[in-house]
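One-letter residues, chain by chain:
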Amino acid sequence: MRRDYIDIGYSPKDTDLVCEFHIEPTAGVNFEEAATHMAGESSIDSWTEIATLSPELAEKLKPHVFYANEEAQSVRVAYSEDLFELGSVPQVLSAVAGNILSMKIVDNLRLQDIAFPRSMLREFKGPNFGLPGIRKLVGVQDRPLIGTIVKPKVGLNSEKHAEVAYNSFAGGCDLVKDDENLTDQKFNGFEKRAELTLKLAEKAESETGERKMYLCNVTAPTCKEMVRRMNVLKDLGASYAMVDIVPAGWTAIQTLREEAQDAGLALHAHRCMHSAYTRNPRHGISMLVVAKLCRLVGLDQLHIGTVVGKMHGEKHEVLNLRDQCVLDKVPADESQHILAQDWGGLKPMFPVASGGLAPTMIPDLYSIFGKDVIMQFGGGIHAHPMGTAAGATACRQALEASLEGISLQDYAKDHKELEIALGKWLKK
Ligand SMILES: O=C(O)[C@H](O)COP(=O)(O)O
Ligand SMILES: [Mg+2]
């Protein structure tokens, strides 16, 4: 017989890490039995009673399933912080999102949320710049930031890439980033691209009088190479680096965060590939957990979805992610499987809305997100019939209209770039 970890009524200690799981036992398996096995496997136990686990040790380190709702298929488990290497995301995930996702006794299991105790939060740095630091860096306090992704995703040479970035800056973009699958290919090597694009960002700064940020993708095959690329950016005078957080992995992200502090660079997080484990609502790990880990580790800005663009994500889900990025105290919401989280003063991350956006969507984006968002347009800028610079200008015009509460149609009467954008993208 395995130990019973069901402990309804247990009140989690201030130092406990609490997880909420969605759990669907396999046919014939009792709900509490599945919860017991899951709690044991994610902490101290095995499939059979193990003689090497003394009753004293089990008592000290046992997980507590303090909430189990069979109808809602929901359980909450409190784990002693002694089970964890406090500053390690990989180790925490190996426990609470590790073997348990593969167990035969469950058809589906999903880690919905992790509430981190203050004692664990203290072991992480959180964002270095965060939302306020990014605003200071860009010199824009009172509006959403406008960014673009150089398109096509891959294929341009470094000269052309820098030119597209320059046109985007000149037209009004605050930020220009690489696409997620552009790193150091033959046609557009990392060093040359970084050098040429940063040079033209500087030129655009002096011509427009605005700060212009280039977010070069440092995702690399090894941590060592990633850090080297980041230091190349530092030496070239960059303010930012971007990274594909899921393909790179949490060890790489924690390494990058440490090195970025020394290099004085802000970090942009692209979440591509997250859906491999976040999209199935019944299995895997929620995007909410991914977002919380990003803030914990200390990324400065994160893609969270758009509501109105091309990526999946309902409005309430995207806004829940936004709350985890920006609030200091996130209240519990049982219906959304969200645990209360006190971020203990860890800086907020800048939320990024990106994927399938056009300038015509800016009024909706502004009403959904408010001013604390980075709106990114790839196709929505580079497919403008008058070209990239006009696409960026159309975005700024649509933003001005939204901030002033003027309809895009009215604003377009004396703003040509916007007028053309409306002709292309406004649904009739
Ligand atoms: O990385 C991104 O977020 C996408 O490249 C956005 O591009 P799109 O605006 O053309 O969809
Ligand atoms: Mg992309």
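The shown structure was predicted, so the numbers you read here are calculated from the model rather than taken from an experiment.

Undergrad: I'd like a rundown of the nonpolar core, residues and numbers included.
TA: Proteins that are soluble and globular tend to have nonpolar side chains buried together. Formed by 117 residues in total, the largest nonpolar core has its most connected members in Leu-17, Phe-21, Met-38, Tyr-79, Val-96, Leu-233 and Ile-245. When residues no more than four places from it in sequence are discounted, the contact partners of Leu-233 are Phe-190, Ala-194, Leu-198, Cys-216, Val-218, Ala-238, Tyr-240, Ala-241 and Leu-265. Among the nonpolar cores identified, the runner-up in size contains 16 residues, and Leu-131, Val-138, Leu-175 and Met-213 belong to it.

Undergrad: Quick rundown of the sheet that holds strand 10 (residues 284–285)? Include the residues and the values.
TA: Reading across the sheet, the five strands line up as 2-3-1-4-10 and stay open at both edges, with mixed pairing between neighbours. Edge positions in the sheet fall to strand 2 (64–69) and strand 10, since each has one partner strand and no second. With six bridges joining them, strand 1 (residues 17–25) and strand 3 (residues 74–79) adopt antiparallel strand pairing. Counted as the bridge partner of Leu-17 is Tyr-79 from strand 3. Packing of helix 3 (residues 89–96) onto the sheet brings it into contact with strand 1, strand 3 and strand 4 (106–115), and relative to strand 1 it is tilted by some 35°. Those strands touched by helix 12 (residues 287–297) are strand 4 and strand 10, and its axis lies near 35° from that of strand 4.

Undergrad: Pulling in residues and values, what's your account of the side chain of Ser-168?
TA: Mapping Ser-168 onto the fold places it in helix 6 (residues 158–171). The buried category is assigned to Ser-168, whose relative accessible area is 0%. Here the side chain of Ser-168 touches Val-164 through a polar contact of 2.7 Å, landing on its backbone oxygen.

Undergrad: Before we move on, could you go through the site of ligand 1 and cite the residues and values that matter?
TA: Around ligand 1 sit 14 residues in total, of which Lys-151, Lys-310, Ser-354, Gly-356 and Gly-379 are the nearest. The side chain of Lys-177 places a nitrogen or oxygen atom 3.3 Å from an oxygen atom of ligand 1. Relative to its unbound accessible surface of 320 Å², ligand 1 loses 92% to contact with the protein. Because more than half of its atoms lie within 2 Å of the grid, ligand 1 is assigned to the second largest pocket.

The rules behind each value
- Residues numbered from 1 in each chain as written.
- Chains lettered and ligands numbered in written order.
- Predicted model: local features only at pLDDT ≥ 70, side-chain atom pairs only at ≥ 80, totals over all residues.
- Heavy atoms only, no water.
- Core = buried A, V, L, I, M, F, W, Y, C linked by side-chain atoms within 4.5 Å.
- Buried < 20%, exposed > 50% of the residue type's maximum accessible area, 1.4 Å probe, protein only.
- Contact = heavy atoms within 4.5 Å.
- Pairing = 2+ DSSP bridges.
- Helix = DSSP H or I, 4+ residues; strand = E, 2+ residues; numbered from the N terminus.
- Axes fitted to C-alpha atoms, helices over the stretch in contact; angles between N-to-C directions.
- Polar contact = N/O pair within 3.5 Å; in protein donor to acceptor, adjacent residues only side chain to side chain.
- Near = heavy atom within 4 Å.
- Areas by Shrake-Rupley, 256 points an atom, 1.4 Å probe, with all protein chains shown as cover.
- 1 Å grid on protein atoms, 1.4 Å probe; cavity = no way out; pocket = protein on both sides within 12 Å on 5 of 7 lines; lining within 4 Å.
- Sits in = over half its atoms within 2 Å of the grid points.

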